[in-house]
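What the coordinates show
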Amino acid sequence: MTRKIHVALALLLIGVAGRPPEAEARRSVPEIKRQLKNVEGQLAHYLTTIRPPSRKLTKRQRLKRLIDGMVLYRMKDYSRAAIVLMDLVTHYKGTPEASEAAFFLADSMFHQREFVVARSYFSQVVTEGSGNKYYQLALQRMLELEMRRAAVLGKSHTADPIRMQQVEALLQKIQAIPAARREPSVEYVRGKYLFFRNRVKDALTVFAGIGTTHQYYLQAVYFTGVCHIKQGRLNAAAAVYKQIIDKVLFGYFRPKNVTQRRVLQLVIIAAARLAYYKGRSKDIQRAIEMYNAIPRKSPYFDDALYERAWAYLKAKRHKRAVKTLELLQVANPKYGKSDEARVLLGNLRIQTRDFAGAKAVFRKASRELRPVYRTLRGLQRANLNPKTIFAQLTSQNLEQFDIKVRLPKLALRWLRKQPDVKRAMMMLGDIKAIRRMITESYAIIRVIERKLTSGSQVASYPTLAVARARAADLETSLLALRGDTSSHLQQILTPNATVAERYKLKQLQKERQRLERLIQQAPKSTDAYKKRVGKVQKLFEKVDSDALVQQMRIGQLEKMLKAAVSYYYRTIKTQRLSKALLEANAKRLRSRIAALKSMIKMLRGDINDARTGVGIGDAVMRYEKQLRAQYKKVLGRLQSLAATLASRLSGSQRQKKAVLDLLLARMAKAQSNLDRVNRRIDSYLASKRAEIVRVLTEEKAKLVGYKVQLAKVRPESKEVVGGVAMQNFKKVSEKVYQVLVKADVGVLDVVWAIKNLAKGRYEKRESTFMKAMELLKAKYREPRGVQ
Amino acid sequence: MGAPPPTTPTSPGTTPGAATAPKTQQSYAVKLRQMAERVSTLKELVSQTKIRLNLLKESVLGQTTAASELVIIQDNRMGSSFRLLAYRYLLDGKQLEAKSDLSGKASEKGTRSIYAGPALDGVHILTVEYVYRGHGFGVFSYLRGYRYRIRSSYRFKVTVGTGTTVRVIPFERGSAFTPLKQRLSVKYEKKTSTLSLKRDKKGRVKAAGSKK
């Protein structure tokens, strides 16, 4: 705070030093009278027009705010979009802007995975009825939320009858919309929801009603096939898929965008799977052709390759299958089923008599998986603590958990892929988000409290800020008039004063002139105030941009250090510097860089704070107020001196003094009116401040409660997530075991295959030899027989 | 659906207490579900408080939360004597985009969008780095062996509630007599616009209701 004042004063002094002191302006008495009348008029006007500040936005301002919110939404800055839109929705209910903002607010919440709040705002849009432009989209989103809920809760999502009634009402609302006016996406989502609710027949009816020109036609076709499969009608599903594939092949239907192309690829893969399951050789051939149709860039390419290899295997085209799996290894070495694919490849190589290749595949798999399996077994036997798994899953500070045995990377990777573990990780992400939001909330509270104590709160209310600036300006004018009147008074008094009194008058005059010079630097109008604020803001911007340069330099230093350490470790064999020395130096430098970073961050924060503090009622204005107060005191002293000298004045001098006294009295009244204006502004500010403090106290209390809840949740989450991971850990262990056994059996298979081959060859040779022997015997027996 | 199941043996029941496993697993799953619900509710409450505090902050500071959009475009206008091999864009010291394409594909003329998204209001520093290779035919083919590196910074201000477009233009300055090394230069063009939204026939904002 003091730093801000210093900065502001320094900036003011720069301005003061740059200007020459102006000469004392002396107005004639009639001129003073005229100008005083003007000031009195303006004051009377202010007294009647000042109203408590209202933050109500005009229609144009609301529209601007709506655009801001929507632009933030479009840029996927959902948290900030929610702030802007929430303002419109809560403070401007019933306006068209609030009605439009409600949907975007709900959708922002939806994207932030705040489904309960999102649902309430979507239902608000739905309650408004079909007149709302976003009515159908809100209905769609509400169904999507229900689908999400069903996916999380499983069968138990239907347990709440009231909720189910609400969903039925939603479905009826969608049905009530004339089919021609129904949004494509709404219809599709309705079908999808019915499918997930196991109302397959209803879903089929909805999907069948989606025509070829419909935006979600391909999706509907895909789900139609899936519905048939669910009902056990594989041929019907195959026919549906064949029909659409033929349409595409013969050019009757062309996918229009990436989404449609992807859905088409899903349709092709589904059709290929159906053909594979039919199992006849022509079906297998067709399946292979369909798998071949999946392009390289498709996200389903790896799956298509893997399944194509199985299709080749079923068609007994082993070499082709081997080539396909080899291609899969190259295309995506991290493919999810890479271990299964590896075992399959080994088996296929045995079939193609590539024994060396098969052995290499199995041995490699065995070599990689055995230590993993051993570690996992060891961990299982040692009664692994769920918290240990939790720590490793979340890559926390492992020393904290006293972990001696670490989970193998492969096991961790597989573990993270388990659906329950994924859900648990998502929950941990939410806990992290809560912590972050609480910290950010406290930071906001600090900013608000700092502003409340800074005294420049008036700048936040434009009407009051203008009034305050005008009041300051009027006060300056009034003081100038009072100063001039006092000068006239001094002229009358000086000839009748004693030497000591003259000296006193001169001192007062000097002091008055000094203060006048300083006061004259203050802006003379509201616009001038704004200009001054703009000028100071620019200076702050410059300082901030210099700080930004320093921040970037610190960032560069950090990168350089990282690069140097990395280079050291890469060339460690040729380095003379010991590792310990390097680490000690690096640590020292890292801590220095961290200190610099925090320093610059703090500095930029201070600059930002100071910048926001600039405006009406800021430190400079408070300084000017002090000057005016001092000036008033000086004038007061002059007036009291005048009162003591009044008895020595002549008749004409007394007459002149009476005129001036009258003026001074009017000025005093004007000053009291001015004080009333300022008091009224202060009272409005105080009531606003009280309101702010009340809300702030409420929110602070809530935050304390949330912190308590979070503190309860965190240790529990460690146990639950660890427990879930533990259960899945057994599954992973089993999976590792299975693949390992397959790899070991594969090695044996190779040996057996070699042995069988050798045996076969030996038997073949033996039989050939025996046949030859028989022939020879027969040959030599014949002539003898003839003899 | 999927590939046929493998025929190799499966793991024997080595885990002790395997019979009770499904029950425990179920209980953990139930616990997880309940806890996730609690956490989700808490998250929403905290989020609401944060939004209210932000609105309060807006009213106290007299500032409004508004969007500031920043678009950075590369407009390569370098002459035929140079081929762009690599470039790097940093905004306030953080990398936005980098490309090193030694085959010279990065040297495509014309515009390329480097960044389009939100930006905090205030002063920003854009730093660009380009690596060019000389280019020439016949007797000038030796130029291909030369590499030139340019680094340049641009300080600009993003104002709240506006869209700012910064066009970065690497170009060749001087004449045929200017040494190659001195010809490489970068200039910047900044445009500020007010934010607006496109609406469809029904009067809805186009981005609305995009399916996840």
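To start, this report covers the structure provided alongside it. Every chain is numbered independently, its residues counted from 1 as its sequence is written. Labels follow written order: the first chain is A, the first ligand is 1, and so on. Confidence filtering applies because this is a predicted model: local features only for residues at pLDDT of at least 70, side-chain atom pairs given and counted only at 80 or more, and all residues used for totals across whole chains, interfaces and linings. Excluded from the side-chain calculation are hydrogens and water; included are all heavy atoms of the structure.

This brings us to the overall build of chain B. When its secondary structure is counted, chain B shows 2 helices and 8 strands. Helix and strand assignments come from DSSP, with helices taken as H or I runs of at least 4 residues and strands as E runs of at least 2, each series counted from the N terminus. Listing the helices and strands of chain B from first to last along the sequence gives α-β-β-β-β-β-β-β-α-β. Relative accessibility thresholds used throughout: buried, under 20% of the residue-type maximum; exposed, over 50%; partly exposed, between the two (1.4 Å probe, protein chains only). Taken over 212 residues, chain B has a buried fraction of 48%. Residues are treated as being in contact if the distance between any of their heavy atoms lies within 4.5 Å. Residue pairs in contact within chain B that sit at least 24 positions apart in sequence constitute 67% of those at least 6 positions apart.

The next subject is the sheet that holds strand β1 (residues 69–76) of chain B. Residue and element names in this part refer to chain B. Note: two strands are recorded as paired if DSSP finds a minimum of 2 bridges between them. Reading across the sheet, the 4 strands line up as β4-β1-β7-β8 and stay open at both edges, with mixed pairing between neighbours. Either end of the sheet is taken by a strand with one partner, and the two such strands are β4 (110–118) and β8 (184–194). Strand-to-strand twist across the sheet, computed as the mean angle between neighbouring axes with direction ignored, equals 15°. Across 11 bridges, strand β7 (residues 162–172) lies against β8 in antiparallel orientation. Residue Thr 165 lies in a different strand from β8, and its bridge partner there is Lys 191. Fitted lines through C-alpha atoms serve as axes, helices being fitted only where they are in contact, and the angles separating the N-to-C directions of these axes extend from 0 to 180 degrees.

Our focus in this paragraph is the pattern of salt bridges. The salt bridge criterion pairs a side-chain nitrogen of Lys or Arg with a carboxyl oxygen of Asp or Glu, the two atoms within 4 Å. Enumeration over the complete set of coordinates arrives at 52 salt bridges over all chains. The shortest N-O distance in the salt bridge between Asp 283 of chain A and Arg 280 of chain A comes to 2.8 Å. On the basis of relative accessible area, Arg 280 of chain A is assigned to the partly exposed category, the value being 46%. A salt bridge links Arg 149 of chain B to Glu 129 of chain B; the nearest nitrogen and oxygen atoms lie 3.3 Å apart. Placement of Arg 149 of chain B in strand β6 (residues 147–158) and of Glu 129 of chain B in strand β5 (residues 122–134) is noted, with a sequence separation of 20 residues between them. Salt bridges linked by common partners bring Arg 88, Glu 129, Arg 149 and Arg 151 of chain B together as one network.

Attention now goes to the nonpolar core. As used here, the term nonpolar core means buried Ala, Val, Leu, Ile, Met, Phe, Trp, Tyr and Cys residues forming a set that is joined through side-chain atoms within 4.5 Å. Ranked by size, the top nonpolar core spans 74 residues in total, and within it Ile 448, Met 667, Val 677 and Ile 681 of chain A carry the most contacts. Put simply, the parts of the chain that give this core at least two residues each are α2 (29–49), α21 (419–454), α22 (462–493), α23 (499–519), α26 (619–645) and α27 (651–786) of chain A together with α1 (21–61) of chain B. When neighbours within four sequence positions are excluded, Met 667 of chain A is seen to be in contact with Ile 32, Leu 36, Leu 478, Leu 481, Arg 482 and Thr 485 of chain A. In this structure, Leu 66, Tyr 78, Val 126 and Phe 207 of chain A belong to the second largest nonpolar core, which totals 66 residues.

The next thing to look at is a nonpolar patch on the surface. Taken together, the side chains of Phe 769, Met 770, Met 773, Leu 776 and Tyr 780 of chain A make up a nonpolar region of the molecular surface, amounting to roughly 510 Å² of accessible area. Inspection of the secondary structure puts Phe 769 of chain A in helix α27. Every patch collects residues that have over 30% relative accessible area and no salt bridge, joining them within 9 Å if they carry like charges and within 5 Å if they are nonpolar side chains (Val, Leu, Ile, Met, Phe, Trp, Tyr). With residues, only the protein chains shown are counted as cover, and all accessible areas are computed by Shrake-Rupley using a 1.4 Å probe.

Turning our attention to the pairing of β7 of chain B. Residues and elements named next belong to chain B. Of all the 11 residues making up β7, 8 are buried; the element is thus mostly covered by neighbouring parts of the structure. As judged from the 6 bridges shared by β1 and β7, these two strands associate in the parallel manner. Paired with Ile 72 across the strands is Val 166, a residue of β7.

Here we come to unusual backbone geometry. Residue and element names in this part refer to chain A. Of note, the phi angle at Arg 113 is positive, near 60°, even though the residue is not glycine. By secondary structure assignment, the location of Arg 113 is in the loop between α5 (96–111) and α6 (115–128). Taking the relative accessible area as the measure of exposure, Arg 113 reaches 27% and is therefore partly exposed. The residue Arg 353 is not glycine, and still its phi comes out positive at about 65°. Structurally, Arg 353 is set in the loop between α17 (338–351) and α18 (355–381).

Secondary-structure assignment places His 124 of chain B in strand β5. At a separation of 2.6 Å, a polar atom in the side chain of His 124 of chain B contacts the main-chain carbonyl oxygen of Leu 120 of chain B. When near neighbours in sequence (up to four residues on either side) are disregarded, His 124 of chain B contacts Leu 548 of chain A together with Leu 91, Asp 92, Tyr 154, Arg 155, Phe 156 and Val 158 of chain B. Two N or O atoms form a polar contact when they lie within 3.5 Å of each other; inside protein one atom must be a possible hydrogen donor and the other a possible acceptor, and for residues adjacent in sequence the pair counts only when both atoms belong to side chains.

Right, let's get into helix α10 (residues 200–208) of chain A. All names here are of chain A. Within α10, burial applies to Val 200, Ala 203, Leu 204, Val 206 and Phe 207. Each buried residue of α10 lies within a common arc of 165° when the element is viewed along its axis, so the set occupies one face. Projecting away from the buried face of α10 at angles above 90 degrees are the exposed residues Lys 201, Thr 205 and Ala 208. Elements in contact with the buried residues of α10: α9 (184–196) and α11 (217–230). Note that the arc is defined by the directions from the helix axis to the C-beta atoms.

A surface patch of positive charge is lined by Lys 334, Arg 413, Lys 417 and Lys 422 of chain A. For Lys 334 of chain A, a relative accessible area of 71% puts it in the exposed group. Charge convention: Lys and Arg are scored as positive, Asp and Glu as negative, and His as well as the terminal groups of each chain are ignored. Throughout, a charge is located at the NZ atom of Lys, the CZ atom of Arg, the CG atom of Asp or the CD atom of Glu.

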